[in-house]
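Residue-level listing of the chains:
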Amino acid sequence: MYQIRTATVNDIPLIQQLTDEIWRPTYRDLMTPEQLEYMIALIYSTASLTSQMTEKQHEFILLYDDQRAIGFAAYSTTEEIAVYKLQKIYLHGDYQGKGVGKFLLDSVIDRVKAANATILELDVKRDNKAKAFYEKQGFTVLKEKDTSIGNGYWMRDYVMRRPL
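Residues numbered from 1 in each chain as written. Predicted model: local features only at pLDDT ≥ 70, side-chain atom pairs only at ≥ 80, totals over all residues. Heavy atoms only, no water.

Peer 1: How do you make sense of the overall build of the protein chain when you look at a structure like this?
Peer 2: Tallying secondary structure elements over the protein chain gives five helices and seven strands in all. Each helix (α) and strand (β) of the protein chain, taken in turn from the N terminus, gives the series β-α-α-α-β-β-β-α-β-α-β-β. In summary, the protein chain has a C-alpha radius of gyration of 15 Å against a globular reference of 15 Å for 164 residues, a match within 12%. Taking the principal axes of the C-alpha coordinates as reference, the protein chain spans close to 40 × 40 × 35 Å. Burial statistics for the protein chain: of 164 residues in total, 45% are counted as buried. Sequence separation of 24 or more characterises 61% of the internal contacts of the protein chain that already satisfy a separation of 6 or more. Total accessible area computed for the protein chain in this model is approximately 8,800 Å², and 50% of it derives from carbon and sulfur atoms. Between the averaged position of the 21 positive side-chain charges in the protein chain and that of its 22 negative side-chain charges there is a distance of 4 Å. (Helix = DSSP H or I, 4+ residues; strand = E, 2+ residues; numbered from the N terminus. Rg over C-alpha atoms; globule rule 2.2 N^0.38 Å. Buried < 20%, exposed > 50% of the residue type's maximum accessible area, 1.4 Å probe, protein only. Contact = heavy atoms within 4.5 Å. Areas by Shrake-Rupley, 256 points an atom, 1.4 Å probe, with all protein chains shown as cover. Lys, Arg positive; Asp, Glu negative; His and termini not counted. Charge placed at Lys NZ, Arg CZ, Asp CG, Glu CD.)

Spelled out as structure tokens, the structure:
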């Protein structure tokens, strides 16, 4: 039914397409249109995604329903031993609430556990409804974090962790 495939730099156009289909609707009510466009350019440009995949060593995975790409995730190591960070996880809205997001998250968890991770960490915007999803999956809030992303914009997040 659902398949996971490791993404490469050749998949950047597909990740950008998914960003347009998923990221914009996810954040349109959580930030101004100007900040939304700024962040898409900052995080999802070809140069930025290439850097994430090659220099920052973020592992990207793609989620398919048959032949249709319906989501993606990315994760990486951190400076803490055995702690991995879920950098991104996005799923088409019409698949949310059906266990598919859990399937995608579990795929990340399986991969980081195979790499000897004992904790999975993530940042979630404080007013993002996804926080409730993460709590249902066993994540708890570790702390609040405010990060300047440039151009006068700030990400006001919760740092959440889940033991594996």
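Peer 1: Hey, could you run me through the packing of aromatic side chains in this one?
Peer 2: Geometry of an aromatic ring pair is reported as the spacing of the ring centres plus the angle between the planes. For the coordinates displayed, the defined rule picks out ten aromatic pairs. Here tyrosine 44 and phenylalanine 72 contribute two aromatic rings whose centre-to-centre distance is 6.2 Å and whose plane-to-plane angle is 80°, an arrangement assigned as edge-to-face. One end of the pair, tyrosine 44, is in helix 2 (residues 33-44); the other, phenylalanine 72, is in strand 3 (residues 68-77), and 28 residues separate them in sequence. Here tyrosine 44 falls in the buried class, since its relative accessible area comes to 3%. Look at phenylalanine 72 and tyrosine 90: their rings are 5.7 Å apart centre to centre, the planes differ by 45°, and that puts the pair in the tilted class. Here phenylalanine 72 is found in strand 3, whereas its partner tyrosine 90 is found in strand 4 (residues 83-91), with 18 residues between them in sequence. Taken individually, phenylalanine 72 and tyrosine 90 each receive the classification buried, so the pair is uniform in this respect. Through a chain of ring-to-ring contacts, the aromatic side chains of Trp23, Tyr27, Tyr44, Phe72 and Tyr90 assemble into a single cluster. Over the ring of tyrosine 158 we find lysine 131, and its NZ or CZ is 5.2 Å from the ring centre. (Phe/Tyr/Trp six-rings, centres within 6.5 Å; stacked < 30°, edge-to-face > 60°. Lys NZ or Arg CZ within 6 Å of the ring centre and 35° of its normal.)

Peer 1: Explain unusual backbone geometry here, please?
Peer 2: You will see that asparagine 116, though not glycine, has its phi angle at about 75°, which is positive. Mapped onto the elements, asparagine 116 comes out in the loop between helix 4 (100-114) and strand 5 (119-125). Residue class for asparagine 116 comes out exposed when judged on its relative accessible area of 61%. Unlike most non-glycine residues, asparagine 151 shows phi in positive territory, near 60°.

Peer 1: Any chance you could explain the pattern of salt bridges here in plain terms?
Peer 2: By the definition in use, this model includes 14 salt bridges. Between glutamate 121 and arginine 161 there is a salt bridge, with its nearest N and O atoms 2.6 Å apart. With glutamate 121 in strand 5 and arginine 161 in strand 7 (residues 153-163), the pair connects residues that are 40 residues apart, well separated along the chain. Considered together, glutamate 121 and arginine 161 belong to a single accessibility category, that of buried residues. Its salt-bridge partner being lysine 145, residue aspartate 123 comes within 2.5 Å of it at the nearest N-O pair. With aspartate 123 in strand 5 and lysine 145 in strand 6 (residues 140-150), this pair connects stretches of sequence that are 22 residues apart. Note on lysine 145: relative accessible area 26%, which makes it partly exposed. (Salt bridge = Lys/Arg side-chain N within 4 Å of Asp/Glu carboxyl O.)

Peer 1: Where do I start with the side chain of serine 107 in this structure?
Peer 2: Turning to its location among the elements, serine 107 is positioned in helix 4. Sequence-distant contacts of serine 107, defined by excluding residues within four places in its chain, comprise Ile4 and Ile61.

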